[in-house]
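Fold and geometry: a report
Read off the chains here:
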Amino acid sequence: MCNYTQKHITAKEKSWDRQAAALDSPAYRITLTDPLGMAKPWNMGKGQGSQGQEGFYTKEEVKDLIPTLSAKNAQGRNIFITPIDEDHHYLVLDDSSAAQVDELKQHGFKPALTQESSPGNVQAIFKIPRVKNSVTEQKAANNVVQRLNKEFGDPNFSGVIHPFRMAGFTNPKPKHKDRNGNFPFVQIKTAQGGLCERMAQAMENPRIEKATVTRKAIIKAVAEEKKQVNGLTSAEHAFCRAWHKVKGLAVAKGWPLDNSKIDFRACKELLGRYRKEIVKAALVKVSPSIETRHSDLKDYAHRTVERADQERIQEQAKSKKQRRGMSMGGR
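Right, let's walk through the structure included here. (Residues numbered from 1 in each chain as written. Predicted model: local features only at pLDDT ≥ 70, side-chain atom pairs only at ≥ 80, totals over all residues. Heavy atoms only, no water.)

As for the sheet that holds strand E1 (residues 27–33)
In space, the 4 strands of this open sheet follow the order E2-E1-E3-E7, with antiparallel pairing throughout. Here the strands that pair on one side only, and so sit at the sheet edges, are strand E2 (42–43) and strand E7 (164–165). For E1 and E2, the ladder comprises 2 bridges, and the chain directions are antiparallel. When the sheet's bridge partners are listed, Leu32 is paired in E2 with Trp42. (Pairing = 2+ DSSP bridges. Helix = DSSP H or I, 4+ residues; strand = E, 2+ residues; numbered from the N terminus.)

A few points about a positive patch on the surface
Together, Lys320, Lys321, Arg323 and Arg324 line one region of the surface with positive charge. Among the structural elements, Arg323 can be located in helix H12 (residues 297–330). (Patch = residues over 30% accessible without salt bridge, like charges linked within 9 Å, V, L, I, M, F, W, Y side chains within 5 Å. Areas by Shrake-Rupley, 256 points an atom, 1.4 Å probe, with all protein chains shown as cover. Salt bridge = Lys/Arg side-chain N within 4 Å of Asp/Glu carboxyl O. Lys, Arg positive; Asp, Glu negative; His and termini not counted. Charge placed at Lys NZ, Arg CZ, Asp CG, Glu CD.)

A closer look at the packing of aromatic side chains
One pass over the structure, following the stated rule, counts 1 aromatic pair. Ring geometry for Trp16 and Tyr28: centres 5.1 Å apart, planes at 75 degrees, overall edge-to-face. In this pair, Trp16 is assigned in helix H1 (residues 2–23) and Tyr28 in strand E1, connecting sequence segments 12 residues apart. Using a relative accessible area of 1% as the deciding quantity, one classes Trp16 as buried. (Phe/Tyr/Trp six-rings, centres within 6.5 Å; stacked < 30°, edge-to-face > 60°. Buried < 20%, exposed > 50% of the residue type's maximum accessible area, 1.4 Å probe, protein only.)

Regarding the packing of helix H8 (residues 234–253) against helix H9 (residues 259–270)
Where H8 meets H9, the axes come as close as 8 Å, and the angle between the chain directions of the two elements is 125 degrees. Viewed along their axes, H8 and H9 adopt a mutual orientation that is oblique. Between H8 and H9 the crossing geometry is right-handed. Along the contact surface, H8 presents Ala235, Ala238, Phe239, Ala242, Trp243, Lys245, Val246, Lys247 and Leu249, while H9 presents Asn259, Ile262, Asp263, Arg265, Ala266, Cys267, Glu269 and Leu270. Looking at the contact of H8 with H9 residue by residue, the classes come out as 11 nonpolar, 1 polar and 5 charged. (Axes fitted to C-alpha atoms, helices over the stretch in contact; angles between N-to-C directions. Parallel < 35°, antiparallel > 145°, perpendicular 65-115°, else oblique. Left-handed = near helix turned anticlockwise from the far one by under 90°. Contact = heavy atoms within 4.5 Å. Nonpolar A, V, L, I, M, F, W, Y, C, P; charged D, E, K, R; others polar.)

Quick look at helix H10 (residues 276–286)
All of the buried residues along H10 are Val279, Lys280, Ala282, Leu283 and Val286. Along the long axis of H10, the arc covered by the buried residues comes to 165 degrees, so they all point the same way. (Arc of directions from axis to C-beta.)

What to know about the pairing of strand E3 (residues 78–84)
Taken across its 7 residues, E3 has 6 buried, putting it largely inside the fold. As judged from the 7 bridges shared by E1 and E3, these two strands associate in the antiparallel manner. Note that in E3 the partner of Leu32 across the bridge is Ile79. As defined by bridge partners, E3 adjoins E7 across 2 bridges and the pair is classed as antiparallel.

Here it is, written out as structure tokens:
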């Protein structure tokens, strides 16, 4: 029995070594949860800091805890980790598939880690640099990870700081129990590590470096920031200004922030001044996080611009008809 237990501990240690090497985070949070929701989540580091604050664990300390975590896992607890790193974000794609992750890879989105959390369900972790002292950094990261999951994974995924399963342990959700009463192990598929530059590009949403700014100042600063990007055409500058103008209006009105709807309205505003093909090109190049929202950018740009142009023409015809009616009534 002892050898059997040690064999499983050793297997978990090897899985953790691979997982930790791929993530390369200076510290981790460890969270245990009850899949049935009967017990409260347990943050193992809560109150364990030197002054009673939350304590975090190095990769070596996590490894030392594996026998304890293994016992808790055998009792039916989920074992989650969260990288704690001031210099990087760890964007989690949850409840995806191998095919969807492969599609992302074909577009240049290279995860540091992929693992199968249950049969057919893949988690992918993308590591990207974090910009410090930016009032919009967290919102930009949340937007990217939410759009990523909406398109390729769990549409209800909440934000960028999110726990994921520790490799080598079982996923004890009742629905995953097989005919023999066993639960699936979380298995690492790839562990290449490194930063995802393509995903970092999707973080082009506003990263304003001032401590406090008004909403109007943010919109203006973002527009100016975009103007400074080398190689942008006049149409791309105009799209940037229109996009953030529409977003600012949505924020002011309390409307849901839907980037695709903002794309649509920005395109409609440009179509009176630029040809459709130019607007399509500007949409693809400038619209924030568009790569994570749509896999076929050419098709998305075509459909968005054509619908926007159709609506613009209909509105112009309706306005012209109304003016003609007013003119006839005046006679």
